[in-house]
Amino acid sequence: MLFDDHYPPGERLPRRLRAEFSSFSGPFGPVVCMDVNNLRVGDPLTDRGWTETGYRWHDALHLAYVVCLGWSPTFRALAGLRRRSQPRTDHIEDGGRAVVADEAIAWATFCYARTHDWTRQPAADLLDRVEEMTFGLEVSARTRSDWAHAIATGLDCMLSLWRFDGGTLTGDLDTATLEFHPPAVAAS
């Protein structure tokens, strides 16, 4: 069961998604845009660093949390899917602290992988941090195995997007899968 099964359709995460990532040059380096199910979601992202880090592709991590866990307050906010019909749920599960936890988990995941030769498999200490950061939130019901799957999936997709300078991710919440497809130019 997903956390938003009993909410109105406009407050549910998409059960199937197609996220297209494109990249272009900007004044502060490469910029990434994301369109999910043909709608622009979020702002264009850069690495926001002095050197290239690849973090501009990190929305793949949030999408993995959506698909593998049925959770991402960051994606909910960006896509206009907050559960406003239940003000307390919106306040606790889709509000500020939950968004900060989601972003912190994405950053911790990225930093862990970067300092461990881009490993996709999270170690126990990273999973411990994730458990701490999700304390009191609905996603705390997910297992360490669920989180390990989400993190590995997200990193695989993020690194593929970075390698190919874009591409498409297709996700299915029923099967908890998120798959990378290279851009048409790179595929030929």
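Note that the structure is predicted; figures quoted are calculated from it, not measured. (Residues numbered from 1 in each chain as written. Predicted model: local features only at pLDDT ≥ 70, side-chain atom pairs only at ≥ 80, totals over all residues. Heavy atoms only, no water.)

A.B. asks: So what exactly am I meant to see when it comes to the overall build of the chain here?
C.D. replies: The helix and strand inventory of the chain stands at seven helices and five strands. Across the chain, helices and strands are ordered from the amino to the carboxyl terminus as β-β-β-α-α-α-α-α-α-β-β-α. For 188 residues, the compact-globule formula gives about 16 Å, and the C-alpha radius of gyration of the chain, at 16 Å, lands near that figure. Considered along the principal axes of its C-alpha atoms, the chain spans approximately 45 × 35 × 30 Å. Here the analysis covers contacts within the chain between residues at least 6 apart in sequence; of these, 60% occur between residues at least 24 apart. Where the 19 positive side-chain charges of the chain centre and where its 26 negative ones centre are 2 Å apart. (Helix = DSSP H or I, 4+ residues; strand = E, 2+ residues; numbered from the N terminus. Rg over C-alpha atoms; globule rule 2.2 N^0.38 Å. Contact = heavy atoms within 4.5 Å. Lys, Arg positive; Asp, Glu negative; His and termini not counted. Charge placed at Lys NZ, Arg CZ, Asp CG, Glu CD.)

A.B. asks: So what exactly am I meant to see when it comes to the pairing of strand β4 (residues 167-172) here?
C.D. replies: Walk down a regular strand and you will see the side chains alternate between the two sheet faces. Across the six residues of β4, five count as buried, placing the element largely inside the fold. By the bridge criterion, six bridges tie strand β1 (residues 16-26) to β4 in an arrangement that is antiparallel. Each residue of the ladder has a partner; that of E20, found in β4, is T168. Bridge analysis of β4 against strand β5 (residues 177-181) gives five bridges, and the strand direction is antiparallel. Bridged to D172 within β5 is T177. Connecting β4 to the antiparallel partner β5 that follows it, the hairpin turn spans four residues, and A176 within it adopts a positive phi of roughly 55 degrees. (Buried < 20%, exposed > 50% of the residue type's maximum accessible area, 1.4 Å probe, protein only. Pairing = 2+ DSSP bridges.)

A.B. asks: Is there a simple way to explain the side chain of S72 in this structure?
C.D. replies: By the element assignment, S72 lies in the loop between α1 (59-69) and α2 (73-79). Polar side-chain contacts of S72 include one of 3.1 Å to the backbone nitrogen of F75. Polar side-chain contacts of S72 include one of 2.6 Å to the side chain of D102. For S72, the contacting residues outside a window of four places in its chain are H62, Y65, V66 and D102. (Polar contact = N/O pair within 3.5 Å; in protein donor to acceptor, adjacent residues only side chain to side chain.)

A.B. asks: Help me understand the nonpolar core in this model?
C.D. replies: Generally speaking, a soluble globular protein has its nonpolar side chains buried in company with each other. In terms of nonpolar packing, the biggest core is built from 50 residues, with F21, L63, Y65, W71, W147 and L169 touching the most fellow members. Elements with a minimum of two residues in this core: β1, β2 (29-36), α1, α4 (96-115), α5 (124-133), α6 (144-164) and β5. (Core = buried A, V, L, I, M, F, W, Y, C linked by side-chain atoms within 4.5 Å.)

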